[in-house]
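# Close look at the chain arrangement
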Amino acid sequence: VIDFGVPDRTVLTTCAYCGVGCSFKAELKGDQVVRMVPYKDGKANHGHSCVKGRFAFGYATHPDRITKPMIRDAITDPWREVSWEEAIGFAADRLKAAQAQYGRKSIGAITSSRCTAEEIWVVQKLVRTAFANNNVDTCARVCHSPTGYGLKQTYGTSAGTQDFDSVMEADVILVIGANPTDAHPVFASQMKRRLRQGAKLIVADPRMIDLVRSPHIEAAYHLPLLPGTNVALINAMAHVIATEGLLDETFIKERCDLPSYAEWLDFIRGEENAPENVAAVTGVPAEDIRVAARLYATGGNAAIYYGLGVTEHSQGSTMVMGMANLAMATGNIGRRGVGVNPLRGQNNVQGSCDMGSFPHELPDYRPVSDDAVRKVFEDAWGVSMDAEPGYRIPNMFDEACAGTYKGMYIQGEDVAQSDPNTKHVEAALSALDILIVQDLFLNETARFAHVFLPGTSFLEKDGTFINAERRVNRVRPAMKEKTGKAEWQVTQELAQALGYPMHYENAAQIMDEIAQLAPSFANVSFEMLDRVGSVQWPCNDAAPEGTPIMHVDGFVRGKGQFVTTEYVPTEEKTNRKFPLILTTGRILSQYNVGAQTRRTHNVDWWEEDVLEIHPSDAEMRGVREGQWVSVRSRKGETVVRAKLSDRMQPGVVYTTFHHPETGANVITTELSDWATSCPEYKVTAVEVAPANHK
Ligand code: SF4
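Residues numbered from 1 in each chain as written. Predicted model: local features only at pLDDT ≥ 70, side-chain atom pairs only at ≥ 80, totals over all residues.

Going by what an unreviewed UniProt entry lists, the protein chain is known as Formate dehydrogenase subunit alpha and is assigned to Sphingorhabdus buctiana.

Next up, the structure:
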């Protein structure tokens, strides 16, 4: 029994983990958080929480925290603790030297979806002003960048269409490439409540995820497709709807772009999209596809929820547009209970995209190449800005390996563990003249850094996180920064050391600038959020109360755009040497690369990554439950324990990526989404064999 003691104060704030964005009251005794209590009036969680938000906060005060800035001349040297002034001066001198020798575009930055919108805003502004280029990208590059692209092309806005509560009016819930029970637990509970009331469930996923087996669900259909065949499946469902007279012609005529619709209709009716011709590709029986398609089109309000099993594919953007087509074709958009809803992974992945940390887009998704847009920012920031898009994260690594990209500022992302093809990432980081890492812990990426700028945990931050339903939630400091500085202050001082005058006095002033320059946030301020709790953007004069449901009377882009979504198989092929397909995901108690959850008691629930494998695949290879196995791909090899599981289908294996010792990304490939370069984490051809302990 743990005696937490009686708290002497509480601070209302937002969970630092997933994109649900649960509100909590942090209860403190002195400077120690003793309890995180889910907040009953939290608009995303209504008083609920999961084991991460509730219990996994101890990392904030873990002894591994680095609280003093450190520098070193070479990555083989030991770290030296220095003052903030010396660390920032050292970083600025090296960045200037890199630009002097290799040119203006030889340096850049990566923003973190773990940080507040305000902290992210300041980093992208630093790049556009002090760095004088557009080499800024976000860790959303490796998760939901296809969502941003696909929904903007079809609907006009790079964001999900609904609020979470809207699921309570859905009659059919289609979950594709997502495992909400583990990854978005509080929303999964809400979804299950609706399913227990009688809504019908369709799950398209290579694994038999827990949702399919949830008790008291009236109807649950599982389409166990092969990884990499999402687009073939969604096209086949659309084919059934288009050829069986199930289209919503009225909605299409009134709301959609008719030439694009005619082109799409011609394509989708083609025999190549018929379920009978797609069954062999997807592994899903034709009749099951037909039943699911009819249910989606005729079962009442139909809502799509999806995750990284959609986006992290070479056709991630195509699949997002395929789902958008399906919703438009059946009129399932623009009211409660319907829509196309990305389940965002990180707490502020929506915000990191909204804040303009993209190499081709300024805040609020406006192109850097547009002279009028640039002028707005040039006038506000007093600089002349580059019209040419900068490097995406994979370009940064490629250019670094080529010797033309020399300096990098990484805010709270462990690219050496989280990005695909680890060997290539490590080679790129090793080639930099200056790598600045801003983080809580000496992570894997810091092995290659010259400057370490200690970051702050969510319990020390003042700002906002923006969740998967576009909800701007306040994050309030429960304790003083253990580093002595807010992260935005550190970035600001780096800008000043580089010669750009940046002078915010607090995070509220940064939000005021966001409101001034990003029309979707025009009416948002800390004062307003403290008064109303939270708000969903757009929140401006046209929508002063915010916008729970998008595209109600018309699409943001005007008419909804159908896009022809031809299925193109991935280049990652199985063969006799690599006969299995590996796909990846996460578990309830752990979070992403585990930098936080591994430093909490949540490790007691799950201490290591394992490989889930179907018993028949295991038997063929002489693999027993709990045995160490080698997982080998064309890129590399790792060793994990085997877990025999009938949730897997034969031919497909699965692992998580929470522990650096496993290093799942040692084996993933450099293949990526054609439109956004989002890595194809979800399809890797592998072989599995018994192995000795590492
Ligand atoms: Fe935090 Fe997500 Fe769990 Fe809510 S569901 S407590 S936001 S991890």
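So that's the structure; there's more coming.
Tallying secondary structure elements over the protein chain gives 22 helices and 26 strands in all. Taken against the 2.2 N^0.38 rule, which gives 26 Å for 694 residues, the C-alpha radius of gyration of the protein chain at 24 Å falls within 12% of a compact globule. Viewed in the frame of its principal axes, the protein chain has a C-alpha envelope of about 70 × 65 × 60 Å. Across the 694 residues that make up the protein chain, the buried fraction comes to 59%. (Helix = DSSP H or I, 4+ residues; strand = E, 2+ residues; numbered from the N terminus. Rg over C-alpha atoms; globule rule 2.2 N^0.38 Å. Buried ≥ 20, exposed ≤ 12 C-beta atoms within 10 Å, placed from the backbone.)

Turning our eyes to something else, we now look at the domain arrangement of the protein chain. What the domain assignment lists for the protein chain is domain 1 (9-61), domain 2 (70-143 + 348-536), domain 3 (145-342) and domain 4 (580-690). Averaged C-alpha coordinates put domain 1 and domain 3 at centres separated by 32 Å. Counting residues at the interface gives 9 residues for domain 1, matched by 7 residues for domain 3. Residue classes in the side of domain 1 that touches domain 3 are distributed as 5 nonpolar, 4 polar and no charged. (Domains from an automatic or database assignment. Contact = placed C-beta atoms within 7 Å. Nonpolar A, V, L, I, M, F, W, Y, C, P; charged D, E, K, R; others polar.)

What follows covers unusual backbone geometry. With an omega of 0°, the peptide bond between tryptophan 537 and proline 538 qualifies as cis. As for its position among the elements, proline 538 is in the loop between strand S20 (534-536) and strand S21 (580-585). Within the chain, aspartate 364 stands out as a residue other than glycine whose phi angle is a positive 70°. Along the chain, aspartate 364 falls in the loop between strand S13 (361-362) and strand S14 (366-367). Under the C-beta neighbour-count criterion, aspartate 364 is labelled buried, with 21 such atoms within 10 Å. Here arginine 470, not a glycine, exhibits a phi torsion of approximately 65°, which is positive. Checked against the element boundaries, arginine 470 lands in the loop between strand S18 (463-466) and strand S19 (471-475). For arginine 470, a count of 26 C-beta atoms within 10 Å corresponds to the buried category.

In regular strands, side chains alternate between the two faces of the sheet. Of the strand pairs in this sheet, strand S22 (residues 610-613) and strand S24 (residues 637-644) are connected by 4 bridges, and their pairing is parallel. Note that in S24 the partner of leucine 611 across the bridge is alanine 642. Relative to S24, strand S23 (residues 628-632) runs antiparallel, the two being bridged by 5 bridges. Within S24, the position partnered with tryptophan 628 by the bridge is arginine 641. Remark: 4 residues form the turn of the hairpin made by S23 and S24, two consecutive strands paired antiparallel. (Pairing = 2+ DSSP bridges.)

This paragraph deals with helix H4 (residues 145-154). Judged by how many residues are buried, H4 sits mostly within the fold: 9 of 10 residues are covered. Inspection of H4 places Ser145, Pro146, Thr147, Gly148, Tyr149, Gly150, Leu151, Lys152 and Thr154 among the buried residues, and these make up the whole buried set. One or two steps after H4, the chain reaches glycine 156, where phi turns positive at roughly 105°.

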